[in-house]
Structure formats: structure tokens, C-alpha cells
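# Survey of secondary and tertiary structure
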Amino acid sequence: MTREAGPRESLDGQAFLLVAGLADLAVSTLGSAVGGVRRLLRRSDAAELATQAEHDLAARGRLVLDQYAAVPPAHLEILARHVSARKSVDDD
């Protein structure tokens, strides 16, 4: 039996309901993931899949590091390059 949350329900009660809902979602998601892992382990090409997954994860990690570790060029340096390029075009 479900009950609609009324305007008088306390914040503690709402928080408890949210936590319970998240816990239920986590348990069902975990159950689905375990079932998927079991199906993968039964496959004959599981070793190939694991190797491919390792390569994919390494490539993904490289992309993330390249995206966040690279320092963008300084704004003034970019402007100076544009000015320099315009001067060289105007001189020609």
C-alpha cells in the first residue's frame, strides 16, 4: 500500500523515502549487473572480451587525461599570434 506525501510530512520522512528508493534502485541494478556478468562468463570468447574491454578502458582513460590535463594556451598568446599573422599578411 502506497501513501502520497502530503504537505505535512516531515523532511525526515521524505529523506527516508528517498534513501529507501535509492537503495531499491541500487539493489535491482546490482542484480542486473550480476546477471550480465554471469552471462559474459559463460561465453567462449570471454578472454577476448576482457582484453578488448581493457584496451577500451585504457583508450578512454587516455582521452580523459588528454582532455583535463592539457593546459590551454594563454589568451594573450593567442591574441599575439593573431596580430602577428595579420601583420605578416599586411606586409605581403
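Predicted model, so just to flag it, every value in this text is computed and none were measured.

Before going further, it helps to spend a moment on the overall build of the chain. Along the chain, the regular secondary structure elements total 3 helices and 0 strands. Moving toward the C terminus, one meets the helices and strands of the chain in the order α-α-α. When the 92 residues of the chain are sorted by exposure, 3% land in the buried category. For the chain, the computed accessible surface area is about 8,900 Å², with 62% contributed by carbon and sulfur atoms.

Pairing is possible between side chains of opposite charge, provided their charged atoms come close. With the rule as written, the count across this model stands at 1 salt bridge. One salt bridge connects Glu77 with Arg81, and the closest N-O pair in it is separated by 2.4 Å. Here Glu77 and its partner Arg81 are both found in helix α3 (residues 75-91), 4 residues apart, which amounts to about one turn of the helix. The class of Glu77 is partly exposed, set by a relative accessible area of 36%. The exposure class assigned to Arg81 is exposed, which follows from its relative accessible area of 52%.

So, on to helix α2 (residues 46-69). With 24 residues, α2 should cover 34 Å at 1.5 Å per step; its first-to-last C-alpha distance of 34 Å lies within 8% of that length. For α2, a buried count of 0 out of 24 residues is recorded, marking the element as mostly open to its surroundings.

Reading fine detail from the predicted coordinates is not recommended where pLDDT is low. Residues at a pLDDT of 70 or more form 89% of the chain, whose mean pLDDT is 83. Put simply, α2 is where the chain has its lowest mean pLDDT, 87, and α3 is where it has its highest, 89.

Taking 1.5 Å as the rise per residue, α3 with 17 residues should run 24 Å; its terminal C-alpha atoms sit 25 Å apart, in good agreement. In terms of residue burial, α3 counts as a barely covered element, since only 0 of its 17 residues are buried.

Conventions used here
Residues numbered from 1 in each chain as written. Predicted model: local features only at pLDDT ≥ 70, side-chain atom pairs only at ≥ 80, totals over all residues. Heavy atoms only, no water. Helix = DSSP H or I, 4+ residues; strand = E, 2+ residues; numbered from the N terminus. Buried < 20%, exposed > 50% of the residue type's maximum accessible area, 1.4 Å probe, protein only. Areas by Shrake-Rupley, 256 points an atom, 1.4 Å probe, with all protein chains shown as cover. Salt bridge = Lys/Arg side-chain N within 4 Å of Asp/Glu carboxyl O. Expected span 1.5 Å × (residues − 1). pLDDT = per-residue confidence, 0-100.

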